[in-house]
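Report on the structure
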Amino acid sequence: MPEQKPMTGLFLADGSLALREDLPHPERPGEVLVQVRKVGVCSTDLALARGYMGFQGVPGHEFVGVASNGPFAGQRVVGEINAACGQCDWCARDLGRHCPERTVLGILNRSGAFAERLSLPAENLHPVPPEIDDDTAVFLEPLAAAFEITEQVSLSSHRRALVAGDGRLGLLCAKVLALHGLDVVVAGHHPERAELLPKNATIEKDLLDGKPRGRPFDLAVEATGKPEVLAQLVPWVQPRGTIVLKTTAERPAPLDLAPVVVDEITLVGSRCGQFPPAIEAIRSGQVSVAGMVAARYPLSESPAAFQRASQGGLLKVLVDVST
Ligand SMILES: [Zn+2]
Ligand SMILES: [Zn+2]
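Note that the coordinates shown come from a computational prediction; the quantities given were computed from them, not determined experimentally.

Some details on the overall build of the protein
Each helix and strand counted, the protein has nine helices and 17 strands in total. Taken over C-alpha atoms, the radius of gyration comes to 20 Å for the protein, in line with the 20 Å a tight globule of 323 residues would show. Structurally, the protein occupies a C-alpha span of about 65 × 40 × 40 Å along its principal axes. Per-residue burial for the protein yields a buried fraction of 44% across its 323 residues. Intrachain contacts of the protein at a sequence separation of at least 6 include 64% that bridge at least 24 residues.

Rendered as C-alpha cells:
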C-alpha cells in the first residue's frame, strides 16, 4: 500500500517559498502515486514564485520518479503535466492539453514535483527506457515542449530558423529544429553554449540589437520569455514566414501588427508537447542534453535552488529529491 503520511516539499504561498514537512499526501483517487527522484527548476517555476497565475502549493513539473502503483508500478516514469477530464470534446480529439477542466502539475490546482510524492493519472505517465538516466529524464518535459513545434509547423517547408534565447528552452528548440535539417541561428548571450548544439546551429551574441541585412529567416522561435522580443523578431522573418511563441510572457507588450499583416507572417502559440517523440530522440541519441545541468541541490535546500536559478546565467538547476 502506498504511504499516506504527510510529506516534505517546497511550498509556495503569497510569493514566498518554504520547505515544509507537513504537506498533505498528494494521491488522488484512481491515479498513480509517484515517488519523485529528481526535479528541474523551470522558468515557469520562477515566474510562479514571483506571483504569476497566483499559484499556491507545491510547484514543479519537470520530474522523474518511480511509480508506486498502476501499470508502471516499480518503474521509473516521467509525466505529461496536463491532467484532463477525459470526457469533453477536446479530450475526445486527443487534445487533453487544452481540456478546459484540466489541472496542471505544479502550475494549476495540482500539487507539483518539488516534494517527495506527486499524483498523476496513469495515462499521463511514460516509462523511462533504461538508456536514459535520471538527470536526462528531467529534460523530457521541456524537450517535449520543443517537439511541439514539429506538430504545429511543417518544418520541411522551412530552411533557416532564428531562435531568440540561449537558455534551456531555446537550446532545446534549436536542437529539435537542427535535427529536422534546418540551419539554426540562436540569438543569445552565451556563444560558448554553441558547443552544446549540433553543427547546423550557431549562437550569435546581441544579434537582435542590430538591424537585419535582408530577411534571412523563414522561421523564428521566441524562447526568451521577454514580451518585447516578439516585435524584434518580425523584421528578421521573410514574408509568409512563421514566428512560434514558445514562452508564456508574464506581462503584455505592444506589437505593431501592420508588418505581420503586410508580410502575411503566421504567429503560432506553442506550449506543452507529447512525450513519445522526445523520449525516442533521447533514447536513440538524436538529441543530447549532456552538459546542461549546471547545479544541483537536495530537496532540503530547494529554496536555495530557486534563488540560484533566478539569478540567471545557469542552464539547468536540478533538485535531488530521493537522496
Ligand atoms: Zn517547464
Ligand atoms: Zn476534457
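Structural notes on the sheet that holds strand β10 (residues 160-164)
Read across the open sheet, the six strands follow the order β12-β11-β10-β13-β14-β15; overall the sheet is parallel. Each edge of the open sheet carries a strand with a single partner, namely β12 (201-205) and β15 (266-269). Direction aside, the axes of adjacent strands within the sheet are offset by 20 degrees on average. Bridge count for strand β13 (residues 217-222) against strand β14 (residues 237-245) is five bridges, and the pairing is parallel. Looking at the pairing, A220 lines up with I243 of β14. Running at roughly 170 degrees to strand β11 (residues 183-188), helix α5 (residues 168-179) makes contact with β10, β11, β12 and β13 of the sheet.

Focus on the packing of helix α4 (residues 140-152) against helix α8 (residues 275-283)
Running from N to C, α4 and α8 cross one another at 110 degrees; their axes reach a closest spacing of 8 Å. If you check the angle between α4 and α8, you find them roughly perpendicular. Remark: the crossing between α4 and α8 carries right-handed chirality. Contacts from L140, L143, A144 and F147 in α4 reach F275, P277, A278, I279 and I282 in α8. Its residues assigned to classes, the contact of α4 with α8 shows nine nonpolar, no polar and no charged.

Observations regarding the pairing of strand β8 (residues 117-120)
Both faces of β8 are covered, namely the face carrying R117 and S119 and the face carrying L118 and L120. Here strand β3 (residues 32-41) runs beside β8; their pairing, made up of four bridges, is antiparallel. Of the residues in β8, the one forming a bridge with V34 is L118.

Let's talk about the domain arrangement of the protein
Taken domain by domain, the protein comprises domain 1 (7-139 + 292-320) and domain 2 (145-269). The C-alpha-based centres of domain 1 and domain 2 are spaced at 27 Å. Taken together, the contact between domain 1 and domain 2 spans six residues of the former and four residues of the latter. Of the residues assigned to the side of domain 1 that touches domain 2, the class counts are four nonpolar, one polar and one charged.

Re the nonpolar core
Residues C173 and A220 are the most contacted members of the largest nonpolar core, which totals 91 residues. Considering every element that reaches this core, the biggest residue donor is α5, with eight residues. In contact with A220, not counting residues within four places along its chain, are A161, L162, A164, L233, W236, V237 and I243.

Some details on the environment of R308
Along the chain, R308 turns up in helix α9 (residues 302-310). In this structure, the C-alpha to C-alpha distance between R308 and A295, residues 13 residues apart in sequence, is 8.7 Å. Setting aside its immediate chain neighbours within four residues, R308 contacts A295, L314 and V317.

Section: unusual backbone geometry
Residues other than glycine seldom take positive phi values, yet D94 does so here, at roughly 65 degrees. Considering the arrangement of structural elements, one finds D94 in the loop between α2 (89-92) and β7 (103-104). Non-glycine residue D206 carries a positive phi angle of around 55 degrees. Its place among the elements puts D206 in the loop between β12 and β13. By C-beta crowding, D206 is classed as exposed, having 9 other C-beta atoms within 10 Å.

Here is what the cut-offs are and how they apply
Position numbers for residues count from 1 along each chain, tracking the sequence in the order it is written. Labels follow written order: the first chain is A, the first ligand is 1, and so on. The model is predicted, so local features are restricted to residues of pLDDT at least 70 and side-chain atom pairs to those at 80 or more, both for listing and for counting; the totals for chains, interfaces and linings are taken over all residues. Starting at the N terminus, helices and strands are each numbered in turn, a helix being any DSSP run of H or I of at least four residues and a strand any DSSP run of E of at least two. C-alpha atoms define the radius of gyration in this analysis, and the globule rule sets the expected value at 2.2 Å times the number of residues to the power 0.38. Put simply, a residue is buried when 20 or more other C-beta atoms lie within 10 Å of its own C-beta and exposed when 12 or fewer do; between those, it is partly exposed, and each C-beta is set from the backbone. A pair of residues counts as a contact when their C-beta atoms, built from backbone coordinates, are separated by no more than 7 Å. A strand pair is defined by DSSP finding two or more bridges across the two strands. Comment: axis = line fitted to C-alpha atoms, over the contacting stretch for helices; angle = value between 0 and 180 degrees taken between N-to-C directions. Our angle categories are set so that under 35 degrees counts as roughly parallel, over 145 as roughly antiparallel, 65 to 115 as roughly perpendicular, and the remainder as oblique. By the definition used in this description, the sense in which the near helix is turned from the far one sets the handedness, with an anticlockwise turn below a right angle giving left-handed and a clockwise turn giving right-handed. Under the convention adopted here, Pro, Cys and the residues Ala, Val, Leu, Ile, Met, Phe, Trp and Tyr are nonpolar, Asp, Glu, Lys and Arg are charged, and Gly plus all remaining residues are polar. Domain limits in this description derive from either an automatic procedure or a database domain assignment. The term nonpolar core means buried Ala, Val, Leu, Ile, Met, Phe, Trp, Tyr and Cys residues held together as one set by C-beta atoms within 7 Å.

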